[in-house]
Amino acid sequence: MQTDEKIPREMYIGGEWVAASDGNRMDVIDPATEEVIDSVPVATAEDLDRALEAARSGWQSWREVDAWSRSAVVRKIGELLRERTDVIARTMTAEQGKPLAEAAGEVGGAADSFDWHADEARRIYGRIIDGPSRDHRLLVIRQSIGPVAAFTPWNFPILLPSRKIAPALAAGCSIILKPAEETPRTALLLAECCAEAGVPAGVVNVVTGNPAEISRHLLASDTIRKVSVTSSVPVGREVLRNAAEGIKPVTLELGGHSPVLVFADVDPAAAAEVCARGKFRNNGQVCIAASRFYVHEKIAAAFTERFVAVVESLRVGNGRDEGVDVGPLSNARRLEAAESLVADAVAKGAEVKTGGCRPPEFERGFFYRPTVLGNVDTSMRIMSEEPFCPVAPIATFASFDEAIEKANSTEFGLAGYVFTNDTKTAFLAAEQLDVGMVGVNELVLATADVPFGGIKLSGYGREGGSEGMGSYTVAKYIKLKL
Ligand code: NAD
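Here's a quick rundown of the structure. Keep in mind that this is a model prediction, so the values were computed, not measured. (Residues numbered from 1 in each chain as written. Predicted model: local features only at pLDDT ≥ 70, side-chain atom pairs only at ≥ 80, totals over all residues. Heavy atoms only, no water.)

It is worth spelling out the packing of aromatic side chains at this point. For any pair of aromatic rings, the description rests on two quantities: the centre-to-centre distance and the angle between the ring planes. Taken as a whole, this structure holds eight aromatic pairs when the rule is applied. Geometrically, the ring pair formed by Phe 263 and Phe 397 is edge-to-face, given 5.3 Å between the ring centres and 65 degrees between the ring planes. Of this pair, Phe 263 sits in the loop between β12 (258–262) and α9 (268–279) while Phe 397 sits in strand β16 (residues 391–397); the two residues are 134 residues apart in sequence, bridging distant segments of the chain. Its relative accessible area of 6% is what places Phe 263 among the buried residues. An angle of 15 degrees between the planes, with centres 3.9 Å apart, marks the rings of Phe 362 and Phe 367 as stacked. Taking relative accessible area as the criterion, Phe 367 reaches 2% and is therefore assigned buried. Among the aromatic residues, those joined into a ring-pair cluster are Phe 263, Phe 397 and Phe 400. (Phe/Tyr/Trp six-rings, centres within 6.5 Å; stacked < 30°, edge-to-face > 60°. Helix = DSSP H or I, 4+ residues; strand = E, 2+ residues; numbered from the N terminus. Buried < 20%, exposed > 50% of the residue type's maximum accessible area, 1.4 Å probe, protein only.)

In structure tokens:
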């Protein structure tokens, strides 16, 4: 069942590779073939208690390690990730489906996150405040918040765990990570890098199994002092409810429904090229993926024509194969979602400009043809439900105000995009979009040094940048009488 590589397939708890205490395992499936390629343990309550104890004692020792030493360990993890790009990318493609080149790029992004947080570990500053009296000095110090419980989805199997583990380590926290059921071994490879980089036993733990049981169990424990989750809105709500009992701070990254506004002053073909390639990255399974295109009516025909041509040139196939642009969807749920969203739109009058079905050449695998829909309106689910699939609806607008109103019409507020050459339009649109992040003439936003996150149903808190790092620390005020 195992691939040729020696990929870790047990949980990593307290510095040891362990099976579930009752021996239960769950299958890992290749979305391109639907074959079972491996299995990982299903953690029991006993295993989770062991992880909690490991994280508790891990934090006691790691919080005492000086910032420069923590920084060196965090940097080493990034180096090991880069060295192992090949094996990590192949494992990721086998579990998740994305093309190998995309998977390798993601490993680079994960390594960048460790690099950046290695620097940031040395920049955790307090301050001294004069205060109202010369007899006193008021000090603020920043300390690590404590053991973290982190939950990551399957769309970015190495990047998202890295965006939680790197700041936790840099700040002096320990962490228990529960990766997605679809992509556990990629996260276990990261645990291996952490171990080899010198992270002490118990500081990073990775458990696998049933997400609802694991989050309920971990969040009920007094040991956990912070929670970070990347998921859908319903899962975020459930985690928040579980965290509420123990008043635990939660960082919630819950996806979006990002609008793209294409104004009349741009070259429609050039904008369409950027938009079409960006939209189908990772098969549209990206929280900041462009979900709705609003194009000025004057250039809509030219934009759509070029967009469809680019989409039709994308090669769909097994992510392992050379030259593939778009792999399978990562699980059967996303394939069903794509079919259902397109059927709903078509029933309400949408026009399928290309795609709209599974590619007939694949007998197995969760493949869906990159799809473009025209003649869309707000009655269609695709215009307000997070699609997370390779379907691009294109609508039009006639004025700036109409574009902004349409863009802000969903409950989400993660990212928004503006295509224009006019500085005033760019600024005003960026300011008026109800989102946490804006890309101008650009669909790629994430990088380690910026605050990534949303507003409204897209969640709160930020990952990356000093804002993200700050949430792994707490401020302590000390009043000193001289
Ligand atoms: P989901 O929200 O059901 O699951 C996402 C992840 O959360 C999974 O990996 C799962 O392990 C974990 N999870 C599930 N229940 C949990 C719980 N009670 N506690 C802690 N973690 C839990 O999503 P899905 O079915 O895999 O995908 C459906 C939708 O989720 C997508 O359409 C998309 O809207 C959203 N999603 C968002 C992101 C993102 O980057 N924000 C990533 C993946 C999925």
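In space, the three strands of this open sheet follow the order β5-β6-β21, with antiparallel pairing throughout. Strands with a single pairing partner mark the edges of an open sheet, and in this sheet they are β5 (127–129) and β21 (473–481). For this sheet, the mean angle separating the axes of adjacent strands, direction not counted, is 25 degrees. Where β5 lies against strand β6 (residues 136–144), three bridges are found, and the strand directions are antiparallel. Within β6, the position partnered with Arg 127 by the bridge is Val 140. (Pairing = 2+ DSSP bridges. Axes fitted to C-alpha atoms, helices over the stretch in contact; angles between N-to-C directions.)

What follows covers the pairing of β16. The element β16 is extensively covered by neighbouring structure, given that six of its seven residues are classed as buried. Relative to β16, strand β13 (residues 290–296) runs parallel, the two being bridged by four bridges. Bridge assignment links His 296 to a residue of β16, and that residue is Phe 397. Pairing of strand β15 (residues 371–374) with β16, which is carried by three bridges, proceeds in the parallel orientation. Bridging from a neighbouring strand, Val 372 pairs with Ala 392 of β16.

Okay, the site of the ligand next. Taken together, 25 residues lie near the ligand, and Trp 154, Glu 181, Ser 232, Arg 333 and Glu 386 sit nearest. Separating an oxygen atom of the ligand from a side-chain N or O atom of Glu 181 is a distance of 2.4 Å. A distance of 3.4 Å separates a nitrogen atom of the ligand from a polar atom in the side chain of Glu 238. The protein chains hide 89% of the 800 Å² of surface that the ligand would expose on its own. Secondary-structure elements contributing two or more residues to the shell around the ligand are α7 (211–219), α8 (233–245) and α11 (332–347). Considering only residue class, the shell around the ligand consists of eleven nonpolar, seven polar and seven charged. Two domains each put at least three residues into the shell around the ligand: domain 1 (11–254 + 458–481) and domain 2 (258–447). (Near = heavy atom within 4 Å. Polar contact = N/O pair within 3.5 Å; in protein donor to acceptor, adjacent residues only side chain to side chain. Areas by Shrake-Rupley, 256 points an atom, 1.4 Å probe, with all protein chains shown as cover. Nonpolar A, V, L, I, M, F, W, Y, C, P; charged D, E, K, R; others polar. Domains from an automatic or database assignment.)

This part is about the pattern of salt bridges. For the coordinates displayed, the defined rule picks out 27 salt bridges. Between Glu 106 and Lys 98 there is a salt bridge; the shortest N-O distance is 2.5 Å. Of the two residues, Glu 106 and Lys 98, both sit in the buried class. (Salt bridge = Lys/Arg side-chain N within 4 Å of Asp/Glu carboxyl O.)

On to unusual backbone geometry. Positive phi, normally seen in glycine, also occurs at Glu 34, with a value near 65 degrees. Mapped onto the fold, Glu 34 is located in the loop between β3 (25–30) and β4 (35–41). For Ile 247, which is not glycine, the phi torsion reads 50 degrees and is therefore positive. With respect to the element layout, Ile 247 can be found in the loop between α8 and β11 (250–253). According to the relative accessible area criterion, Ile 247 is exposed, its value standing at 72%.

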